[in-house]
Amino acid sequence: MLDMPGEIDFCNASGLLPLIMAAVDQRSAGFRLLVLDLSATRFMDSQGIRLLTAVRHRLPAGARLRVVAAPKSVPSRVLELSGLRRDVPVHDNLAEALRAGIGTGA
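Okay, so let's go over this structure. (Residues numbered from 1 in each chain as written. Predicted model: local features only at pLDDT ≥ 70, side-chain atom pairs only at ≥ 80, totals over all residues. Heavy atoms only, no water.)

**Observations regarding the overall build of the chain**
Helix and strand content of the chain: 4 helices and 6 strands. Taking 2.2 N^0.38 as the reference for a compact globule, 106 residues should give roughly 13 Å; the C-alpha atoms of the chain span a radius of gyration of 13 Å, in line with that estimate. When the backbone C-alpha atoms are referred to their principal axes, the chain occupies close to 35 × 25 × 20 Å. Scored against the burial criterion, the 106 residues of the chain give a buried share of 43%. In the chain, the proportion of contacts linking residues at least 24 apart, taken out of those at least 6 apart, comes to 75%. About 5,900 Å² of surface is accessible on the chain, with carbon and sulfur atoms providing 54% of the total. (Helix = DSSP H or I, 4+ residues; strand = E, 2+ residues; numbered from the N terminus. Rg over C-alpha atoms; globule rule 2.2 N^0.38 Å. Buried < 20%, exposed > 50% of the residue type's maximum accessible area, 1.4 Å probe, protein only. Contact = heavy atoms within 4.5 Å. Areas by Shrake-Rupley, 256 points an atom, 1.4 Å probe, with all protein chains shown as cover.)

See the structure below:
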């Protein structure tokens, strides 16, 4: 699980990708689940969508991405409007995201 910053926009999104992927690379070869926690993220624009899409495509084969975002938050709304929510499961809290990951074998 990785906590994301309070804002994800053009100022920091490109710098977040290498940090996220470095964290993934440090995990064992059996890496199966990455949870990005946007609970504290108050603002996210299209660069956040690009970031999540890039992370999703760069994960090791068989690994899954889950996102935690408060239901009425800006990131949750952006994920819904962009359509990314269809491809990346979004959960209301960390416990739910982890249960879902275990339940799918991820």
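**Re the packing of helix α1 (residues 13–26) against helix α2 (residues 46–58)**
Where α1 contacts α2, the two axes come as close as 10 Å, and the packing angle between them is 25°. By the criterion of interaxial angle, the relationship of α1 to α2 is roughly parallel. When you trace α1 past α2, the crossing you get is right-handed. Along the contact surface, α1 presents A13, L16, L17, I20 and M21, while α2 presents Q47, L51, A54, V55 and R58. Partitioning the contact of α1 with α2 into residue classes produces 8 nonpolar, 1 polar and 1 charged. (Axes fitted to C-alpha atoms, helices over the stretch in contact; angles between N-to-C directions. Parallel < 35°, antiparallel > 145°, perpendicular 65-115°, else oblique. Left-handed = near helix turned anticlockwise from the far one by under 90°. Nonpolar A, V, L, I, M, F, W, Y, C, P; charged D, E, K, R; others polar.)

**Here we look at the pairing of strand β5 (residues 64–68)**
Along β5, 4 of the 5 residues are buried, which leaves the element largely enclosed by surrounding structure. For the crossover from β5 across helix α3 (residues 74–82) to strand β6 (residues 90–91), the handedness is right-handed. (Right-handed = clockwise from strand over helix to strand, strands pointing away.)

**Things to note about the pairing of strand β3 (residues 33–37)**
Of all 5 residues making up β3, 4 are buried, and the element is well covered by its neighbours. Inspection of the sheet shows strand β1 (residues 2–3) paired to β3 by 2 bridges, in the parallel sense. Paired with D3 across the two strands is D37, which belongs to β3. The pairing of β3 with β5 spans 5 bridges and is classified as parallel. Pairing of D37 across the sheet is with V68, part of β5. (Pairing = 2+ DSSP bridges.)

By themselves, these figures tell us nothing about what the structure is for.
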